[in-house]
Amino acid sequence: VTAAAPLLFVDAAEVVTCAGPAAARRGAAMADAGVRRGVAVLVRDGRVAAIDAPAALRRDHPDATVVDCAGGVLTPGLVDSHTHAVFAAPRAAEHELRASGVGYLEIAARGGGIHRSVRDLRATPEDTLVADAVARLAVLPRHGVTTIEIKSGYGLSLDAERTQLRAIARVAATIPQRVVPTCLAAHEVPLEFRDRPDGRAEYVRLVAEEILPAVARERLATFADVFCEPGVFTAAEARTVLDAAAAVGLGRKLHADELHDGDGAALAVAVSATSADHLAAISATGIAALAAAPTVATLLPATMLFLGRDRQAPARPLIEAGAAVALATDFNPGTSPTLNLPLVLTLGVSVLHLSAAEALVAATVNGAAASGLADRTGQVAPGYDADLALWGVPDHREIPYWYGAPPCTATWVRGKLVTP
Ligand code: NIG
Ligand code: FE
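What you see is a predicted model; the values in this text were computed from it and never measured.

About the thresholds
- Residues numbered from 1 in each chain as written.
- Chains lettered and ligands numbered in written order.
- Predicted model: local features only at pLDDT ≥ 70, side-chain atom pairs only at ≥ 80, totals over all residues.
- Heavy atoms only, no water.
- Helix = DSSP H or I, 4+ residues; strand = E, 2+ residues; numbered from the N terminus.
- Rg over C-alpha atoms; globule rule 2.2 N^0.38 Å.
- Buried < 20%, exposed > 50% of the residue type's maximum accessible area, 1.4 Å probe, protein only.
- Contact = heavy atoms within 4.5 Å.
- Areas by Shrake-Rupley, 256 points an atom, 1.4 Å probe, with all protein chains shown as cover.
- Salt bridge = Lys/Arg side-chain N within 4 Å of Asp/Glu carboxyl O.
- Near = heavy atom within 4 Å.
- Polar contact = N/O pair within 3.5 Å; in protein donor to acceptor, adjacent residues only side chain to side chain.
- Nonpolar A, V, L, I, M, F, W, Y, C, P; charged D, E, K, R; others polar.

## Here we look at the overall build of the protein
Next up, step 1: A count of helices and strands for the protein gives 17 helices and 18 strands.
Next up, step 2: For 420 residues, the compact-globule estimate of 2.2 N^0.38 gives 22 Å, and the C-alpha radius of gyration of the protein, at 21 Å, lies within 12% of that figure.
Next up, step 3: Across its three principal directions, the C-alpha atoms of the protein cover 75 × 50 × 40 Å.
Next up, step 4: A burial count over the protein gives 61% of its 420 residues as buried.
Next up, step 5: Contacts spanning at least 24 positions in sequence make up 72% of the contacts within the protein whose residues lie at least 6 apart.
Next up, step 6: Here the protein displays about 15300 Å² of accessible surface, and carbon together with sulfur accounts for 54% of that area.

## Re the pattern of salt bridges
Next up, step 1: Throughout the structure, instances matching the rule amount to 25 salt bridges.
Next up, step 2: Here Arg166 makes a salt bridge to Glu126, at a shortest N to O gap of 3.2 Å. Taken together, the residues span a long stretch of sequence, with Arg166 in helix H6 (residues 158-174) and Glu126 in helix H5 (residues 126-136) at a distance of 40 residues.
Next up, step 3: In this structure Glu126 comes out as buried when scored by relative accessible area, which is 16%.
Next up, step 4: Salt-bridge contacts for Lys151 lead to Asp225; the nearest nitrogen and oxygen are separated by 2.8 Å. Of this pair, Lys151 sits in strand E9 (residues 145-151) while Asp225 sits in strand E11 (residues 223-228), and the two are 74 residues apart along the sequence.
Next up, step 5: Bridged by salt links that share partners, the residues Arg47, Arg178, Arg376, Asp385, Asp387 and Arg414 form one connected network.

## Here we look at the site of ligand 1
Next up, step 1: Surrounding ligand 1, one finds 15 residues, the nearest of these being Arg91, Tyr104, Tyr154, Glu258 and Thr335.
Next up, step 2: At a separation of 3.4 Å, an oxygen atom of ligand 1 approaches a polar side-chain atom of His84.
Next up, step 3: Between ligand 1 and the protein, one listed contact pairs an oxygen atom with a side-chain N or O atom of Arg91 at 2.8 Å.
Next up, step 4: Relative to its unbound accessible surface of 320 Å², ligand 1 loses 100% to contact with the protein.
Next up, step 5: Residues of the shell around ligand 1, tallied by class, amount to four nonpolar, eight polar and three charged.

The following block contains the structure:
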């Protein structure tokens, strides 16, 4: 077997490297996306091998296949570090209901929301879940995305969570992008437990003592996640679940302080979670906790927009306090039916007041850190997987600028071309 010829990326107006330590950028360091001009990038065996003057790389690697970047911008492939991309059906009726004034948690209390998606998923064959997700995810190269985290959480029983996680594994084996699987069995208390007197505690026990150990044993997930929110899981319940996750070797993530402050950020730090996500209602104490810990603050502005809420996560105070901020889509059928991560970058700039460089860092190196992949993807740097996105614009600030219509022209995953 002969190795494929190296690739030499030339004539990019800018290479946004995001290069540096294999960890999230925090605070003021988020402003430096490592933008370089006048350089070429050599890729060998699926990894970035060198970034250097084009003439030198051409001379030393005459065998390389030249990739013409045509005056565009080359960036790390984007990392969408928070999605619920495997689900059975859309929930368009709820979108209208909310517009008429019915709240998200009220719809959930009526048996809609997550409960609706649970009913839908349990009634759908695994093959259909896989095929539908693969079809949806075909847009990823158009959005420059090369890594995507996908959560379960619409099964809410040992069998149905297993089915959903198996579907995620099959999606991962089918699509060219890298997939990070997360078990979100603690997404809601399922209706069949709600009606029992001690049902909440019983379900928390089921998740902690049966579902997470089985998921870890069968290697169906890298992370466990909990929806910590008044009316869903309390901080104490979330703690029980996350401690159980740690005990079986799963990483921790948390849906924290989304609609109300419930000390979710502090809890995420206390259990050494890799990320605390949402945070639209985070307190000053929560901001201070994230500023002093490695836990990444993953913000999901498309969700707040789609829910029609005015409140957004305090991105600037988080960054100014020294926290590491990531941006993700939260793609799901209820609160964020979009896979358009560049649109989330637009919201990052227009609504969260990030600079374009901060937004790009948030969706590359920091998204990778939020996915436990800071040493493999999210940077154009020697040794990193050649996960790349090429944008047909001459200035990286135009990536969030052309909102709704991302100018991505091609992506590469581990050096393999994946075109829109
Ligand atoms: O991240 N907040 C909880 N989970 C999802 C919503 C899932 C749903 O409504 O189906 C979220 O917004
Ligand atoms: Fe979510």
